[in-house]
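Structural description and commentary
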Amino acid sequence: MEVATAVAMRNIDQRTIDTFRVPGIVLMENAGLALLQTLEALWPNLALCHVTILTGAGNNGGDGFILARHLWHRGTDVDVIMLTAAGRLRGDARRAYDMARAYHVPMTSATTPQAWSRTAPVLKHTSLIVDAMLGSGLQRPASGLYAEVIASVNEAPQPTVAVDIPSGLSADHGRVAGPHICATHTVTFALPKRGLLTYPAAAAVGELHIVDIGIPQAAIEAEEIDVAMLQEADIRQLLPQRHPNAHKGSHGHVLVVAGSVGKSGAAVLASQSALRAGAGLVTLAVPAGLNAAMEVQLTEVMTLPVAESPDGCMAASAYDTIEAFWSNASAMIIGPGLGIFPETQQLVQRLLQCAPVPIVLDADGLTLIADQPHILQASQVPLILTPHPGELGRLLKVSPADIQADRLDVALDFVRDTRVHLILKGAHTVIYTPDRHRWINCTGNAAMATAGTGDVLAGLIGALLAQGLSPLQAAQGGVYLHGLAGDQACAGLGSTGLIASDLIQELPHAMHKVRQGVICQIS
């Protein structure tokens, strides 16, 4: 599903009106009805509730007027508080207001801070607040009257439903520039907006509901949007299938180059994850001094002891052993727990230049090439990089804060120049492709913020590559299933105390559920 900016959504709306001859008031009516249906699904006793709807001057307010009309018509006790004078309403918003007035919907005007202070006590007696104030067209931080109303709503204990986007947030990015509604639910129309899916703004969205209002798919496709949100259906169609006559060689062989003294756990997690994600064979290349421990820990994983340095990490001469083996591999994972010693740096750089199979470069592997990212361009095989904001910051020579402030666009030039697929980990993970397309993944949760979950992701992606998926497919399937496994683990264990190996145990269940189509998109 495409993810729109405010301008893109306006273009799509206008194209629907001009090309497909759907009047704007019809789209607004559809939006109001979709809002009503969502509220009824969330609150089956809605007819017994008291609903307060806050409206502004634009089409967002028009949606609120239509919702109010339908609620009032169905017998729900509703109050509309208008934060702008009726004389300022234009176009479809004015038509929606006129229809609501014709139905005698109760309306109160509060167009100044003083008037709001007299009106605000109504929030104490309502059951539900609907934010239809500012919408996706916001150009500057909320201030004055709107800032005061936003503060009052956020202080109220009642649930708040935002119309299209919580007032005060930008549709185009996740930065928070001023006062904004912290919604319990957000009902957005036709397509999600960038600001709804990008943190920190996404924290104010609550549960996201994406509803159809009759926008033709052709009107969306004509906009050529280059950001999309991953959905369950996207992943189901790409998951590898097992044939009845399959054997272990049918599903790929992952070579994991990982581990050093003090960081052997990362190698274990990546290897076990690759097995649980369906790889037929997994071999762990590990410093020779760690091999005995790994053979005990990893009963289903083969090991390949390689030369080590006095520091207990892989020596540069480990290359010869890995080179002699890699003809057996379908994909490689390089980096988990490798350490950042000079000899290992030489090894990683040489592997990137010469390895013949697709590579997932993770963790210490990313740090080891941070000062020479041009090495990525020398690779002859597809590369998938899996940095967290700190690691990407080192590659781009910017701070993690800079990365977080611009998660959707910050790596566009980097992936174009290096021709890599890049997965920017975090909430919500972003996949970049060399052609500058991006995918946002919305599975996962804060319980996954624990050591080792990135190693699990690397193993999962490596396994999907080994089973024949393209780099983009492996990245998409990897991040979605990784987050879903985290959601399932959190549902069973709670949000505190989850560890990375819990995700590994959930991976087969996550893959099975997606194949069976028994879950819904997690927003």
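Not measured: the values here are computed from a predicted model.

Cut-offs used in this document
Residues numbered from 1 in each chain as written. Predicted model: local features only at pLDDT ≥ 70, side-chain atom pairs only at ≥ 80, totals over all residues. Heavy atoms only, no water. Pairing = 2+ DSSP bridges. Helix = DSSP H or I, 4+ residues; strand = E, 2+ residues; numbered from the N terminus. Axes fitted to C-alpha atoms, helices over the stretch in contact; angles between N-to-C directions. Contact = heavy atoms within 4.5 Å. pLDDT = per-residue confidence, 0-100. Phe/Tyr/Trp six-rings, centres within 6.5 Å; stacked < 30°, edge-to-face > 60°. Buried < 20%, exposed > 50% of the residue type's maximum accessible area, 1.4 Å probe, protein only. Core = buried A, V, L, I, M, F, W, Y, C linked by side-chain atoms within 4.5 Å. Expected span 1.5 Å × (residues − 1). Arc of directions from axis to C-beta. Salt bridge = Lys/Arg side-chain N within 4 Å of Asp/Glu carboxyl O. Right-handed = clockwise from strand over helix to strand, strands pointing away.

A look at the sheet that holds strand β17 (residues 438-440)
Two modes of strand pairing occur in sheets, parallel and antiparallel, and in both the strands are linked by backbone hydrogen bonds. Spatially, 10 strands are ordered β8-β17-β16-β15-β14-β13-β12-β9-β10-β11 in an open sheet, and the strand pairing comes out mixed. Two strands in the sheet have a free side with no partner beyond their single neighbour: β8 (227-229) and β11 (302-306). Averaged over neighbouring strand pairs, the angle between their axes works out to 20 degrees when direction is ignored. Relative to strand β10 (residues 281-287), strand β9 (residues 253-257) runs parallel, the two sharing 5 bridges. By the bridge assignment for β10, V256 is matched with L284. Each of β9, β10, β11 and β12 (331-334) is contacted by helix α12 (residues 318-325), which is oriented at about 145 degrees to β11, the strand it contacts most.

Looking at the sheet that holds strand β5 (residues 160-163)
Taken in spatial order, the 7 strands line up as β3-β2-β1-β4-β5-β6-β7 in an open sheet, and their pairing is parallel. Unpaired on one side and paired on the other, β3 (107-109) and β7 (207-211) mark the two borders of the sheet. With direction set aside, neighbouring strand axes in the sheet form an average angle of 20 degrees. In terms of strand pairing, strand β6 (residues 185-189) meets β7 through 5 bridges, oriented parallel. Bridge pairing in β7 links H185 to E207. In the packing of helix α2 (residues 24-42) onto the sheet, the strands contacted are β4 (128-132), β5, β6 and β7, and the crossing angle to β6 comes to about 150 degrees. Where helix α3 (residues 59-73) meets the sheet, its contacts fall on β1 (50-55), β2 (77-82), β3, β4, β5 and β6, and the angle it forms with β1 comes to roughly 155 degrees.

A short note on the confidence of the model for the protein
Per-residue confidence for the protein gives a mean pLDDT of 95, with 99% of residues at or over 70. In this model, residues 519-523 is a region of pLDDT below 50 whose contacts with residues beyond four sequence positions or in other chains number 16 contacts.

Here we look at the packing of aromatic side chains
Here the distance between the centres and the angle between the planes together describe a pair of aromatic rings. Taken as a whole and assessed by the stated rule, the structure comprises 2 aromatic pairs. Relative to Y97, the ring of F65 lies with its centre 5.5 Å away and its plane at 65 degrees, an arrangement referred to as edge-to-face. Here F65 is found in helix α3, whereas its partner Y97 is found in helix α4 (residues 91-102), with 32 residues between them in sequence. Side by side, F65 and Y97 carry an identical accessibility label, which is buried. When the ring of Y319 is compared with that of W326, the centres are 5.7 Å apart and the planes differ by 85 degrees; the resulting orientation is edge-to-face.

What to know about the nonpolar core
Counting 60 residues, the largest nonpolar core has V257, I322, M332 and L385 as its most contacted members. Among all residues touching V257, those that are not within four sequence positions of it are A285, M314, I322, M332, I333, I334, G335, P336, L338 and L351. Counting 58 residues, the second-largest nonpolar core is a separate cluster that includes V256, L298, L484 and A510.

Quick look at α4
In a regular helix each residue adds 1.5 Å, so 12 residues correspond to 16 Å; α4 covers 17 Å between its end C-alpha atoms and thus fits that length. Within α4, the full set of buried residues consists of D92, A93, A96, Y97 and A100. The buried side chains of α4 occupy one side of the element, clustering within an arc of 145 degrees when seen end-on. For α4, the secondary structure elements touched by its buried residues are α2, α3, β2 and β3. In the stretch just after α4, H104 is the one whose phi turns positive, near 65 degrees.

Structural notes on the pairing of β1
In terms of burial, β1 is largely enclosed, as 6 of its 6 residues are buried. Residues H50, T52 and L54 line one face of β1 and the alternating positions V51, I53 and T55 line the opposite face, and both faces are buried. Alignment of β1 against β2, held across 6 bridges, turns out to be parallel. Its bridge partner lying in β2, T55 is registered against M82. Here 5 bridges tie β1 to β4, and the two strands are oriented parallel to one another.

Structural notes on the pattern of salt bridges
According to the stated counting rule, one finds 15 salt bridges in the structure shown. Among the ionic pairs, E232 bridges to R236, the shortest N-O distance being 2.0 Å. Residue E232 and its partner R236 are located together in helix α9 (residues 232-236), separated by 4 residues, close to a single helical turn. In this structure, R438 engages D409 in a salt bridge whose closest nitrogen and oxygen atoms are separated by 2.5 Å. In this pair, R438 sits in strand β17 while D409 sits in the loop between α16 (400-405) and α17 (412-418), placing the two residues 29 residues apart along the sequence. By relative accessible area, which is 2% here, R438 ends up buried.

Comments concerning the pairing of β11
Here β10 pairs with β11 via 5 bridges, running parallel. From the neighbouring strand, P287 faces β11, where its bridge partner is V306. With helix α11 (residues 291-297) bridging β10 and its parallel neighbour β11, the resulting β-α-β unit is right-handed.

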